[in-house]
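Take a look at the letters that make up each chain.
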Amino acid sequence: MVLGMPSTPWLKIFTSVPFYALLIGLLGQYWTFSYFWTVHSTFLGTIQHFPITENGYWSCLPFLMKAFGEYSTSSIANWLLMKNYITIDVLRRGCNMLGCIGFSAAVFGTYLSECNGSMSAVTAAVSMFFTGVATPGTMIACIDMAPRFAGSLSGLLNGAGCTMSFFVPILVGILTKNKVLSEWHLVFFISIAVVLSSGIVFAVFGSAKVQPWNFVQEERSKDINMVEKNEISPQSLQIFSKPHT
């Protein structure tokens, strides 16, 4: 524990509904990353029969689309916050839900593409664009929930999310032993179910409001501006100090 800093209230964190909603939301997002990191190129090679060079190009496109989705959506989200057109809580849940819906719709498009290699590759890229749209949602909500303990939360949540990187390829390997399109259809529907349900859970039970366990006992009655102004950067303070309604 850093001198002068309170210990992380793990018991209160592990009994917090918004914490578990955020965990589920992040697992859904990491599922999307892990699919494209680990097995999407296998689908393009074994089912769509792309040559290895062409496979490489199409496997890179989703990540370029994700970057575009991240930068564009984050810029718009920041503008909305600066103009006070939307609250942080609504923004986080809305971006995540929009990203999950868009990803699920695009993956369903991949399912409908059947053996049309170009169409399935395009829909896959669109699905990762919407993963980027979700970035201003669950990916940074822990900073809003508990600015004081954001580092501990981020490490715990993102560490849990990274387990998807070995779970997804193992599951896909089990489901696609015969390397036929119908087996990959099951993979697509599982992905849709996981990501869409994670978005719904975070939209209903999640929160970007500062949680009570962010404060030590003597600070519970103080305004967040006074509590955190000496502990976070001036750039972040402008965002954290906005009303969380």
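Cut-offs used in this document
- Residues numbered from 1 in each chain as written.
- Predicted model: local features only at pLDDT ≥ 70, side-chain atom pairs only at ≥ 80, totals over all residues.
- Heavy atoms only, no water.
- Helix = DSSP H or I, 4+ residues; strand = E, 2+ residues; numbered from the N terminus.
- Expected span 1.5 Å × (residues − 1).
- Buried < 20%, exposed > 50% of the residue type's maximum accessible area, 1.4 Å probe, protein only.
- Salt bridge = Lys/Arg side-chain N within 4 Å of Asp/Glu carboxyl O.
- Core = buried A, V, L, I, M, F, W, Y, C linked by side-chain atoms within 4.5 Å.
- Contact = heavy atoms within 4.5 Å.

Q: What is the right way to look at helix α4 (residues 52-82) in this model?
A: What sets the pattern is the α-helix's 3.6 residues per turn: residues three or four places apart point alike. The terminal C-alpha atoms of α4, which comprises 31 residues, lie 46 Å apart, in line with the 45 Å expected from a rise of 1.5 Å per residue. Asn55, Ser59, Pro62, Lys66, Gly69, Thr73, Ala77 and Leu81 are the residues of α4 that are buried. In the stretch just after α4, Asn84 is the one whose phi turns positive, near 60 degrees.

Q: Explain the pattern of salt bridges to me, please; I cannot follow it from the model alone.
A: The full count for this structure, using the stated rule, is 3 salt bridges. The partner of Arg93 in a salt bridge is Asp89, and the shortest N-O contact between them spans 2.8 Å. On the criterion of helical spacing, the pair formed by Arg93 and Asp89 is a turn pair, its members being 4 residues apart in helix α5 (residues 88-113). For Arg93, a relative accessible area of 23% gives the class partly exposed. With its nearest N and O atoms 2.6 Å apart, the salt bridge here joins Arg92 to Asp144. One end of the pair, Arg92, is in helix α5; the other, Asp144, is in helix α7 (residues 141-145), with 52 residues separating them in the sequence. Side by side, Arg92 and Asp144 carry an identical accessibility label, which is buried.

Q: Help me understand the nonpolar core in this model?
A: Nonpolar side chains in soluble globular proteins tend to be buried together. Leu22, Tyr35, Phe43, Leu153, Leu157 and Trp184 are the most contacted members of the largest nonpolar core, which has 40 residues in total. Counting only elements with at least two residues in this core, the list comes to α2 (17-38), α3 (40-46), α5, α6 (117-133), α7, α8 (150-161), α9 (164-175) and α10 (181-205). If one sorts the elements of this core by residue count, α2 sits on top with 9 residues. Among all residues touching Tyr35, those that are not within four sequence positions of it are His40, Phe43, Val168, Trp184, Val187 and Phe188.

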